[in-house]
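# Structural characterization, general
What follows is each chain in one-letter form.
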Amino acid sequence: MNTISLQRRLMLASTVFLGLAVAHPSFAQNTKTVEVWKDPSCGCCKHWIEHLEKNGFKATVYDTGNNGARARLHMPQKYASCHTALIQGYVIEGHVPARDIQRLLKDRPVALGLAVSGMKTGSPGMDGPTYNGHQVPYDVLLVLKDGESRVFHAYS
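These notes cover the structure that comes with them. Keep in mind that what you see is a predicted model, and the values were worked out from it rather than measured.

## Re the sheet that holds strand β1 (residues 33–38)
In spatial order, the strands read β2-β1-β3-β4-β5-β6-β7; together these seven strands make up an open sheet with mixed pairing. The outermost strands of the open sheet, each flanked by one partner alone, are β2 (58–62) and β7 (149–155). Mean inter-strand twist for the sheet, computed between neighbouring axes without regard to direction, equals 20°. Sheet topology places strand β5 (residues 113–116) next to strand β6 (residues 138–143); three bridges connect them, and they run antiparallel.

## Quick notes on helix α3 (residues 43–54)
The terminal C-alpha atoms of α3 lie 17 Å apart, and with 12 residues this matches the ideal 16 Å at 1.5 Å per residue to within 8%. All of the buried residues in α3 are Cys44, Cys45, Trp48, Ile49 and Leu52. For α3, the arc enclosing every buried residue in end-on projection is 145°, short of the 170-degree limit, so these residues lie on one face. Elements in contact with the buried residues of α3: β1, β2, β3 (83–87), β4 (90–94) and α5 (98–107). Where α3 terminates, the next one or two residues include Gly56, which has phi positive at roughly 90°.

Conventions we followed
- Residues numbered from 1 in each chain as written.
- Predicted model: local features only at pLDDT ≥ 70, side-chain atom pairs only at ≥ 80, totals over all residues.
- Heavy atoms only, no water.
- Pairing = 2+ DSSP bridges.
- Helix = DSSP H or I, 4+ residues; strand = E, 2+ residues; numbered from the N terminus.
- Axes fitted to C-alpha atoms, helices over the stretch in contact; angles between N-to-C directions.
- Expected span 1.5 Å × (residues − 1).
- Buried < 20%, exposed > 50% of the residue type's maximum accessible area, 1.4 Å probe, protein only.
- Arc of directions from axis to C-beta.
- Contact = heavy atoms within 4.5 Å.

Spelled out as structure tokens, the structure:
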């Protein structure tokens, strides 16, 4: 196959995909690609990303730290954790379980996103053998666009 033929095929495939996304916005919304900003040396972030991938998400990871991403995405500092993510316009801060992200994407509430502030033992990524099955109660918060929050899911 020559280069021109390959370029034509790629352009045709791109045009078809774009057409589907415009004609059927739900087609583009079904993409479960999540962008994650984290520190390059953070092991629990890596485990959280593995948790997401086991649950059908595809992660694009930026090992640049997350303070800049958190600020740029307007997630209030009071909800800070070790990684910040973005999926379909929602900000995900910290060790939020995949099932809560899936519910968020299904229900589509008017909100900034979800947060589990700090690093809660027993949450995804903080639940490996190192923790000997220890778990603390924690809440997944629905963070509203005004910076306030309410409990989205309580884990006890």
